[in-house]
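# Chain and residue survey
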Amino acid sequence: MEEFEPLIGEWLGKGELPGDPLMRLAVETKVDRLGEFVVMRSVGQPAEMPDTISIIGGAPDGQPQPMHYFDERGVKRLYLTTLEGLTWRIWRAPGEDWNGPGGPGFNQRFFGEISADGNSIDARWERGMGDAGDQWEIDFPLTYVRR
């Protein structure tokens, strides 16, 4: 879990969700250690952006870590996540039904590039469409700045 150390702290994220009209979003995110786990809490604006909590950890060191996601809508999802060098990745865990009743109706993944000084993250969520969920397009970009 040492690889997640660069994420520990408080972050302010900003992005734009495509649509008509375009939705500007802001998110305050706090990342803390809880024993052998990492806890990530986010509060988003506008109100359509749900507040979230994720618990990361449980796999042996050096392997992708489970990331249990929960939000105020009652949504719960299981992702896997890694932080290799300055690249942070999140993707749906195998067997998670992204197209089922609890899923968003599309596959998901996240890429974040941490700056060399560790004070910003250029990130994006992507959605995978098509029957196999492997036709990727950017869902929305985010930029995090350390507070």
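Everything numeric here is computed off the predicted structure, so don't read it as measured data.

### Topic: the environment of Gly133
As for its placement among the helices and strands, Gly133 is situated in the loop between strand S9 (120–129) and strand S10 (135–146). On the basis of relative accessibility, which here comes to 1%, the residue Gly133 falls in the buried class. Ignoring anything within four residues of it in the chain, the contact list for Gly133 reads Trp98, Asn107 and Gly128.

### Observations concerning the sheet that holds S10
The ten strands are arranged S1-S2-S3-S4-S5-S6-S7-S8-S9-S10 in a closed barrel whose pairing can be described as antiparallel. Put simply, the sheet's adjacent strands are angled 25° from each other on average, direction ignored. Of the strand pairs in this sheet, strand S5 (residues 65–71) and strand S6 (residues 76–84) are connected by six bridges, and their pairing is antiparallel. Looking at the pairing, Gln65 lines up with Thr81 of S6.

### Some points on the side chain of Glu126
Secondary-structure assignment places Glu126 in strand S9. In this structure Glu126 comes out as buried when scored by relative accessible area, which is 8%. Separated by 2.5 Å, the side chains of Glu126 and Arg109 make a polar contact. At 2.6 Å, the side chain of Glu126 and the side chain of Arg124 are in polar contact.

### Description of the environment of Glu126
Sequence-wise, Glu126 and Ile138 are twelve residues apart; in three dimensions their C-alpha atoms are separated by 4.3 Å. When near neighbours in sequence (up to four residues on either side) are disregarded, Glu126 contacts Asn107, Gln108, Arg109, Phe111, Trp136, Glu137, Ile138 and Asp139.

### Digging into the pairing of S6
Hairpin geometry of S5 and S6 is characterised by an intervening segment of four residues between the two adjacent antiparallel strands and by a positive phi of about 95° at Gly74. Sheet topology places S6 next to strand S7 (residues 87–92); six bridges connect them, and they run antiparallel. Across the sheet, Leu80 pairs through a bridge with Trp91, a residue of S7.

Rules and cut-offs
- Residues numbered from 1 in each chain as written.
- Predicted model: local features only at pLDDT ≥ 70, side-chain atom pairs only at ≥ 80, totals over all residues.
- Heavy atoms only, no water.
- Helix = DSSP H or I, 4+ residues; strand = E, 2+ residues; numbered from the N terminus.
- Buried < 20%, exposed > 50% of the residue type's maximum accessible area, 1.4 Å probe, protein only.
- Contact = heavy atoms within 4.5 Å.
- Pairing = 2+ DSSP bridges.
- Axes fitted to C-alpha atoms, helices over the stretch in contact; angles between N-to-C directions.
- Polar contact = N/O pair within 3.5 Å; in protein donor to acceptor, adjacent residues only side chain to side chain.

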